[in-house]
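Topology and contacts: notes
Listed here are the chains, written in short residue letters.
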Amino acid sequence: DAGVIQSPRHEVTEMGQEVTLRCKPISGHDYLFWYRQTMMRGLELLIYFNNNVPIDDSGMPEDRFSAKMPNASFSTLKIQPSEPRDSAVYFCASRPGAGGGYEQYFGPGTRLTVT
Amino acid sequence: GDSVTQMEGPVTLSEEACLTINCTYTATGYPSLFWYVQYPGEGLQLLLKATKADDKGSNKGFEATYRKETTSFHLEKGSVQVSDSAVYFCALSAENNNDMRFGAGTRLTVKP
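In what follows, the accompanying structure is described.

So, how was this worked out
- Residues numbered from 1 in each chain as written.
- Chains lettered and ligands numbered in written order.
- Predicted model: local features only at pLDDT ≥ 70, side-chain atom pairs only at ≥ 80, totals over all residues.
- Heavy atoms only, no water.
- Helix = DSSP H or I, 4+ residues; strand = E, 2+ residues; numbered from the N terminus.
- Buried < 20%, exposed > 50% of the residue type's maximum accessible area, 1.4 Å probe, protein only.
- Polar contact = N/O pair within 3.5 Å; in protein donor to acceptor, adjacent residues only side chain to side chain.
- Contact = heavy atoms within 4.5 Å.
- Buried area = accessible area lost by both parts, 1.4 Å probe.
- Salt bridge = Lys/Arg side-chain N within 4 Å of Asp/Glu carboxyl O.
- Nonpolar A, V, L, I, M, F, W, Y, C, P; charged D, E, K, R; others polar.
- Pairing = 2+ DSSP bridges.
- Axes fitted to C-alpha atoms, helices over the stretch in contact; angles between N-to-C directions.
- Disulfide = S-S within 2.5 Å.

Before going further, it helps to spend a moment on the side chain of B:Gln38. With respect to the helices and strands, the residue B:Gln38 is situated in strand S5 (residues 32-38). Take B:Gln38: its relative accessible area is 10%, and that puts it in the buried class. Of the polar contacts made by the side chain of B:Gln38, one reaches the backbone oxygen of B:Glu42; its length is 3.0 Å. Discounting chain neighbours no more than four positions away, the residues touching B:Gln38 are A:Gln37, A:Phe91, B:Gly43, B:Leu44, B:Ala86, B:Val87 and B:Phe89.

This next bit is on the interface of chain B and chain A. With 19 residues of chain B at the contact, the number on the chain A side is 16 residues. When the two sides are added together, the surface that chain B and chain A hide from each other amounts to roughly 1,400 Å², 53% of it contributed by carbon and sulfur. Taken together, the connections running from chain B to chain A amount to one salt bridge. In this assembly, chain B and chain A are joined by three residue pairs in polar contact (both at pLDDT 80 or more). When residues of the side of chain B that touches chain A are traced back to their parent elements, those giving at least two are S5, strand S6 (44-50) and strand S10 (86-93) of chain B. Considering only residue class, the side of chain B that touches chain A consists of eight nonpolar, seven polar and four charged.

Below, the discussion takes up the sheet that holds strand S8 (residues 62-65) of chain B. Residue and element names in this part refer to chain B. Spatial strand order, S3-S9-S8-S7: four strands in an open sheet with antiparallel pairing. Strand pairing shows two members of the sheet lacking a second neighbour, strand S3 (19-21) and strand S7 (56-59), which therefore form its edges. On average, each strand axis in the sheet is inclined to that of its neighbour by 15°, with strand direction left out of account. Alignment of S8 against strand S9 (residues 75-77), held across two bridges, turns out to be antiparallel. Each residue of the ladder has a partner; that of Glu-63, found in S9, is Glu-76.

Now for the pairing of S8(B). All names here are of chain B. As paired elements, S7 and S8 share four bridges and run antiparallel to each other. Counted as the bridge partner of Lys-56 is Thr-65 from S8. Here S7 folds back onto S8, and the loop between the two strands holds two residues, one of which, Lys-60, carries a positive phi near 55°.

All names here are of chain A. Summed over all chains, the structure comprises two disulfides over all chains. At a sulfur-sulfur separation of 1.9 Å, the disulfide partner of Cys-23 is Cys-92. On the sign convention where negative means left-handed, the S-S torsion of about -65° between Cys-23 and Cys-92 marks this disulfide as left-handed. Residue Cys-23 is found in strand S3 (residues 19-24), and its partner Cys-92 is found in strand S9 (residues 88-95); the two are separated by 69 residues along the sequence. Residue classification places Cys-23 among the buried positions, given a relative accessible area of 2%.

The quantities given are spatial measurements derived from coordinates; they are silent on function.
Dropping the structure here:
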């Protein structure tokens, strides 16, 4: 299996622009998670999906952030408008459903820089 | 709520030294416990896991034992290498939660 795939790997954008991060989970996994990692705040869970349905979005920092999962093989995290404080590494992770174990498999991350 | 506490870093060791990174947890029921490793510029990779009390997870020379009596899951390695330099995260996944709780991470640097 190719593992969790994220694109782009690096994104540099100007404040106010829209940013879309993409994730393809491991085939057959029922859960998908979006995380943000910064030096100051460490690893934060933003939102997670089960069978394409958002279950908990309490970690989404504000209305500028939105996430979708239109099908089992694709998810997006959008920031509109972006701000310099959104600069971070964003990770997507997936895991199997019930009975498949609780470990999550992480993608390589997208490093976002907002200037 | 469920949480994980791990020793703060950074930790700097010489090659072939012994490593212990402490991790304790708070959870109801019987969580599964994990150690993840993050190499520079990469995502988190599962290093080892244990799903029930007294289980020992092991991989690449690293070990950790699930101790329910002390609510601990300390990571150990008898002889570290330069290539072990990375950030290590302790994590738990509880029976009644679908998400995973991570510790703050411990940065390990191994010098030749």
